[in-house]
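Residues per chain are reported as follows:
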Amino acid sequence: GTGGALCLMLQAFKYNLPRALEPIRQGGMIFSPLQWSIYAATVVIFALGQGNRCLQLKFAPLVVKRACSLDGKNNGAIVHGLLAPLYVMGLFHGTKQ
């Protein structure tokens, strides 16, 4: 379950990283200094916000908690085991918030 969730996250990272690095690969001529400052601030904000607040404080504990529920002792449904990566990521059979 957790390995599949990690693979899905790495696949998204691999897909989006080249797009995020396009301005750097094309050289510094496509952005003005103000635009580079905004680009850098955006990267920092997303790294701190998504990396710390969302991943570390919310998503990782959810994945661990739901992965532990798949150990077979809690009478987990068969479909949860078959779709373990999606289940541990909270994409189905979750609580409504």
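Note that this is a predicted model, so its numbers are computed, not measured.

### Focus: the nonpolar core
1) Next: The biggest cluster of nonpolar side chains holds five residues, and these are Ala5, Val63, Tyr87, Val88 and Met89.
2) Next: Residues in contact with Ala5, not counting those within four places in the same chain, are Pro85, Val88 and Met89.

### Description of the layout of surface pockets
1) Next: Taken as a whole, the largest pocket holds about 610 Å³ of empty space.
2) Next: For the largest pocket, the lining is made up of 15 residues, of which Phe13, Asn16, Phe46, Ala47 and Gln50 are closest to its centre.
3) Next: Where the lining of the largest pocket is concerned, the elements lending two or more residues are helix 1 (2–20) and helix 3 (33–68).
4) Next: Broken down by element, the residue count for the lining of the largest pocket peaks at eight residues, all from helix 3.
5) Next: Residue composition of the lining of the largest pocket, by class: 11 nonpolar, four polar and no charged.

### Comments concerning a nonpolar patch on the surface
1) Next: Residues Leu8, Ile78, Val79, Leu82, Leu83, Leu86 and Leu91 make up a contiguous nonpolar surface patch of roughly 660 Å² in combined accessible area.
2) Next: Take the nonpolar patch: its biggest share by element is three residues, from helix 4 (residues 78–82).
3) Next: Among the secondary structure elements, Leu91 is positioned in the segment after helix 5 (84–88).
4) Next: According to the relative accessible area criterion, Leu91 is exposed, its value standing at 58%.

### Looking at the packing of helix 1 against helix 3
1) Next: In the contact formed by helix 1 and helix 3, the axes pass within 12 Å of each other and the chain directions differ by 170°. When the axes of helix 1 and helix 3 are compared, the pair comes out roughly antiparallel. In this structure, helix 1 uses Thr2, Met9 and Ala20 to contact helix 3, whose residues at the interface are Tyr39, Leu55, Phe59, Val63 and Ala67.
2) Next: For the contact of helix 1 with helix 3, the class distribution of residues is seven nonpolar, one polar and no charged.

### Looking at the side chain of Arg66
1) Next: Along the chain, Arg66 turns up in helix 3.
2) Next: From its side chain, Arg66 meets the backbone oxygen of Tyr87 in a polar contact 2.5 Å long.
3) Next: Beyond its immediate sequence surroundings of up to four residues, Arg66 is in contact with Tyr87, Val88, Gly90, Phe92, His93 and Gly94.

### Observations concerning helix 3
1) Next: In this model helix 3 runs 49 Å from its N-terminal to its C-terminal C-alpha over 36 residues, within 8% of the 52 Å that 1.5 Å per residue would give.
2) Next: Leu55 marks where helix 3 bends most, by close to 50°.

Conventions and cut-offs
- Residues numbered from 1 in each chain as written.
- Predicted model: local features only at pLDDT ≥ 70, side-chain atom pairs only at ≥ 80, totals over all residues.
- Heavy atoms only, no water.
- Core = buried A, V, L, I, M, F, W, Y, C linked by side-chain atoms within 4.5 Å.
- Buried < 20%, exposed > 50% of the residue type's maximum accessible area, 1.4 Å probe, protein only.
- Contact = heavy atoms within 4.5 Å.
- 1 Å grid on protein atoms, 1.4 Å probe; cavity = no way out; pocket = protein on both sides within 12 Å on 5 of 7 lines; lining within 4 Å.
- Points joined across faces, edges and corners; volume = space filled by probe spheres on them.
- Helix = DSSP H or I, 4+ residues; strand = E, 2+ residues; numbered from the N terminus.
- Nonpolar A, V, L, I, M, F, W, Y, C, P; charged D, E, K, R; others polar.
- Patch = residues over 30% accessible without salt bridge, like charges linked within 9 Å, V, L, I, M, F, W, Y side chains within 5 Å.
- Areas by Shrake-Rupley, 256 points an atom, 1.4 Å probe, with all protein chains shown as cover.
- Salt bridge = Lys/Arg side-chain N within 4 Å of Asp/Glu carboxyl O.
- Axes fitted to C-alpha atoms, helices over the stretch in contact; angles between N-to-C directions.
- Parallel < 35°, antiparallel > 145°, perpendicular 65-115°, else oblique.
- Polar contact = N/O pair within 3.5 Å; in protein donor to acceptor, adjacent residues only side chain to side chain.
- Expected span 1.5 Å × (residues − 1).
- Bend = angle between axes of the 7 residues up to and from the residue.

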